Amino acid sequence: MKKVVKFGGSSLASAGQMKKVADIIRADESRRYVVPSAPGKRYSDDTKVTDLLYQCYDAAAAGGDVEEKLQVIKNRYQEIIDGLNLDLSLEGEFEVIKDYFLRQAGRDYAASRGEYLNGIVLANYLGFKFVDAAEVILFDEKGNFDSEHTNDVLRQRLKNMENAVIPGFYGAMPDGSIKTFSRGGSDVTGSIVARAARADVYENWTDVSGMLVTDPRVVENPEPIETITYRELRELSYMGATVLHEDAIFPVRQEGIPINIRNTNRPEDKGTLIVESTCRQPQYTITGIAGKKGFCAINIEKEMMNAEIGFGRKVLQVIEENGISFEHTPSGIDTFSILVHQSEFVEKEQTVISSLHRAVHPDSIDLESNLALIAIVGRGMKANKGTAGRIFSALAHANVNIKMIDQGSSELNIIIGVRNEDFEAAIRAIYDIFVKVQL
């Protein structure tokens, strides 16, 4: 058995947390490769080390004094080193960082130093080899992640290493300059390492015991998800579920490696297992509920629209030419609607309306704002009759008016549109009808 384990910022925010992490790693000798994030918040009003690094770098770029801001970061790491009783000095590393900041090496370089330094500390504490991600996580000249080259280089590097710590979040361009993934990218690094190491499991340790059926800010104490497929996760992540970086599934999916979301503060909890496919029957008809506010609908009416070849293409071409992405396109015989992000659309609305009139000559165009989209996702829906009917019934009892419905051909998800002000009530009603009634 071979495992890759990634620990988030809250799991490594202090010496006490790092001791918990070390205990978890040492409790299972198959946990061989470790991917750390930068130290996160120790308490609610604290500042993440990555944000401190950004502040320090921006001060240097503006010609200000960086010494005071850099000292705050030094103190964070020294506090961890002292708490772990390590004989380790990062003074030389901070001198290099200061020099690079003053030479304006880039904000990607600045952000990456949190993981880099934390990796050094954790490797020393565990007695593992330290592998700088800049040497094994590779990007091409255009700044795109070079998946296959990285896999070859990293696999060769780990080949004769029993244990190693590889910092998350960053890699390097062909010229050696540092390039980072988007925020939360340590999840992606862990997945890349798992693929290269041909791991049996990729454990992603954070501050929650896996994924929940829905947002705990909307539903009090929602039930956990025991097993979820990659496809279900993608649907929920796109609609706002954020336990795992949405790009983290691609490397492990290529190798069929499961991801286990675990809680550093409750290591006895099994967490959520993310798999390609499974025979395990879901506990409920649905796997999860997620959603977002802030959409608007462009409703186009034209008689005999269905007989006009190319109508939809012309409409979407107008949307594309105005640099707007669309979410869904529900339609009828004489109606065609496009749901877009309101923030993207509002400044361009009149230009889009004029362009649509010229492109397709509609009878009328109507805009409806302040809409929310909710995704109800679950592999169990395909085998259960009346899922949509139960959703409609639950929303009717909650006095929620449905503005739109869209179901994919895979029967994996149903998307409904409601008013922004009905968003929370709709989620609670759906959760109650599918989950709460079975408890």
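Refer to the preceding data block for the structure.
These figures come from a predicted structure and were not determined experimentally.

Could you give me a rundown of the overall build of the chain, with the residues and numbers involved?
Helix and strand counts for the chain stand at 14 helices and 16 strands. Its C-alpha atoms give the chain a radius of gyration of 25 Å, within 12% of the compact-globule value 22 Å for 439 residues. Dimensions of the chain, computed from the C-alpha atoms along their principal axes, are close to 75 × 55 × 40 Å. For the chain, buried positions account for 52% of its 439 residues. Side-chain charges of the chain comprise 50 positive and 63 negative groups, with the mean position of each set lying 4 Å from the other.

Any chance you could break down the packing of aromatic side chains for me, citing the residues and the numbers?
Counted according to the given criterion, the structure contains 10 aromatic pairs. Here Phe 311 and Phe 336 contribute two aromatic rings whose centre-to-centre distance is 6.3 Å and whose plane-to-plane angle is 70°, an arrangement assigned as edge-to-face. Remark: Phe 336 occurs in strand E13 (residues 335–341) and Phe 311 occurs in helix H10 (residues 311–321); sequence separation between them is 25 residues. On the accessibility criterion, Phe 336 (11% relative accessible area) is buried. Among the aromatic residues, those joined into a cluster by ring pairs are Tyr 57, Tyr 100, Phe 101 and Tyr 109. Its guanidinium or amino end placed over the ring of Tyr 116, Arg 113 lies 4.3 Å from that ring's centre, counting from NZ or CZ.

Account for the sheet that holds strand E2 (residues 31–36), with residues named and values stated.
The mixed open sheet is built from 8 strands, whose spatial order is E3-E4-E2-E1-E7-E9-E10-E8. Edge positions in the open sheet fall to strand E3 (129–130) and strand E8 (227–229), since each of these has one partner strand only. Judged from the 5 bridges that link them, strand E1 (residues 3–7) and E2 form a sheet pairing that is parallel. Following the sheet pairing, Val 4 is matched in E2 by Tyr 33.

Summarise the pattern of salt bridges; cite the residues concerned and give the values.
Tallied over the full model, the rule gives 26 salt bridges. One salt bridge connects Glu 79 with Arg 42, and the closest N-O pair in it is separated by 3.3 Å. Taken together, the residues span a long stretch of sequence, with Glu 79 in helix H3 (residues 67–83) and Arg 42 in the loop between E2 and helix H2 (49–61) at a distance of 37 residues. Since its relative accessible area comes to 31%, Arg 42 is described here as partly exposed. A cluster of three or more residues bridged by salt bridges with shared partners is formed by Lys 3, Asp 28, Arg 31, Glu 203 and Arg 262.

Explain the environment of Leu 84 to me, and be specific about the residues and the numbers.
Of note, Leu 84 is situated in the loop between H3 and helix H4 (91–102). For Leu 84 and Leu 339, which are 255 residues apart along the polypeptide, the C-alpha to C-alpha distance reads 53 Å. The residues touching Leu 84, leaving out its near neighbours within four places in the chain, are Ala 15, Met 18, Lys 19, Val 121 and Tyr 125.

Requested: an account of the packing of helix H1 (residues 15–26) against H3, with residues and values cited.
Each pair of packed helices can be summarised by the angle the axes make with each other and by the distance between the axes. Packing of H1 against H3 brings their axes to within 8 Å, and their N-to-C directions diverge by 55°. Relative to H3, the element H1 is oriented oblique. In this structure, H1 crosses over H3, and the sense of that crossing is right-handed. Here Ala 15, Met 18 and Lys 19 of H1 come into contact with H3, specifically with Glu 79, Ile 80 and Gly 83. Split by residue class, the contact of H1 with H3 holds 3 nonpolar, 1 polar and 2 charged.

An account of a positive patch on the surface is needed here, citing residue identities and associated values.
A contiguous patch of positive charge on the surface is contributed by Arg 231, Arg 234, Arg 253 and Lys 382. Looking at the element boundaries, Lys 382 is found in the loop between strand E14 (364–377) and helix H13 (387–397).

Describe the pairing of E14, with residues and values.
Here strand E11 (residues 288–301) pairs with E14 via 12 bridges, running antiparallel. The residue bridging Lys 293 from the neighbouring strand is Ala 372, located in E14. Bridge count for E14 against strand E16 (residues 413–419) is 7 bridges, and the pairing is antiparallel. Bridged to Leu 373 within E16 is Gly 417.

Explain H13 to me, and be specific about the residues and the numbers.
Those residues of H13 not exposed but buried are Thr 387, Ile 391, Ala 394 and Leu 395. Seen from one end, H13 has its buried residues packed into an arc of 95°, which puts them on one side. Contacts from the buried residues of H13 go to E14, E16 and helix H14 (423–434). Of the residues trailing H13, Asn 399 is marked for its positive phi of about 60°.

Mind laying out the environment of Lys 385, listing which residues take part and the relevant values?
Mapped onto the secondary structure, Lys 385 falls in the loop between E14 and H13. Using a relative accessible area of 83% as the deciding quantity, one classes Lys 385 as exposed. As for Lys 385 and Leu 316, which are separated by 69 residues in sequence, their C-alpha atoms are 34 Å apart.

I'd like a description of unusual backbone geometry, backed by residues and values.
Of note, the phi angle at His 361 is positive, near 50°, even though the residue is not glycine. Mapped onto the fold, His 361 is located in the loop between helix H12 (349–360) and E14. With relative accessibility at 53%, the residue His 361 sits in the exposed group.

Give a detailed account of a negative patch on the surface, specifying residues and quantitative values.
On the surface, a cluster of negative charge is made up of Glu 301, Glu 303, Asp 334, Asp 363 and Asp 366. Following the sequence through the fold, Glu 303 ends up in the loop between E11 and H10. Residue Glu 303 is classed as exposed on the basis of its relative accessible area of 63%.

I'd like to hear about the side chain of Glu 232, residue by residue, with values.
Inspection of the secondary structure puts Glu 232 in helix H8 (residues 230–238). For Glu 232, a relative accessible area of 0% corresponds to the buried category. At 2.9 Å, the side chain of Glu 232 forms a polar contact with the backbone nitrogen of Thr 229. Setting aside residues no more than four positions away along its own chain, Glu 232 makes contact with Thr 287, Val 377, Gly 378, Arg 379 and Leu 412.

About the thresholds
- Residues numbered from 1 in each chain as written.
- Predicted model: local features only at pLDDT ≥ 70, side-chain atom pairs only at ≥ 80, totals over all residues.
- Heavy atoms only, no water.
- Helix = DSSP H or I, 4+ residues; strand = E, 2+ residues; numbered from the N terminus.
- Rg over C-alpha atoms; globule rule 2.2 N^0.38 Å.
- Buried < 20%, exposed > 50% of the residue type's maximum accessible area, 1.4 Å probe, protein only.
- Lys, Arg positive; Asp, Glu negative; His and termini not counted.
- Charge placed at Lys NZ, Arg CZ, Asp CG, Glu CD.
- Phe/Tyr/Trp six-rings, centres within 6.5 Å; stacked < 30°, edge-to-face > 60°.
- Lys NZ or Arg CZ within 6 Å of the ring centre and 35° of its normal.
- Pairing = 2+ DSSP bridges.
- Salt bridge = Lys/Arg side-chain N within 4 Å of Asp/Glu carboxyl O.
- Contact = heavy atoms within 4.5 Å.
- Axes fitted to C-alpha atoms, helices over the stretch in contact; angles between N-to-C directions.
- Parallel < 35°, antiparallel > 145°, perpendicular 65-115°, else oblique.
- Left-handed = near helix turned anticlockwise from the far one by under 90°.
- Nonpolar A, V, L, I, M, F, W, Y, C, P; charged D, E, K, R; others polar.
- Patch = residues over 30% accessible without salt bridge, like charges linked within 9 Å, V, L, I, M, F, W, Y side chains within 5 Å.
- Areas by Shrake-Rupley, 256 points an atom, 1.4 Å probe, with all protein chains shown as cover.
- Arc of directions from axis to C-beta.
- Polar contact = N/O pair within 3.5 Å; in protein donor to acceptor, adjacent residues only side chain to side chain.

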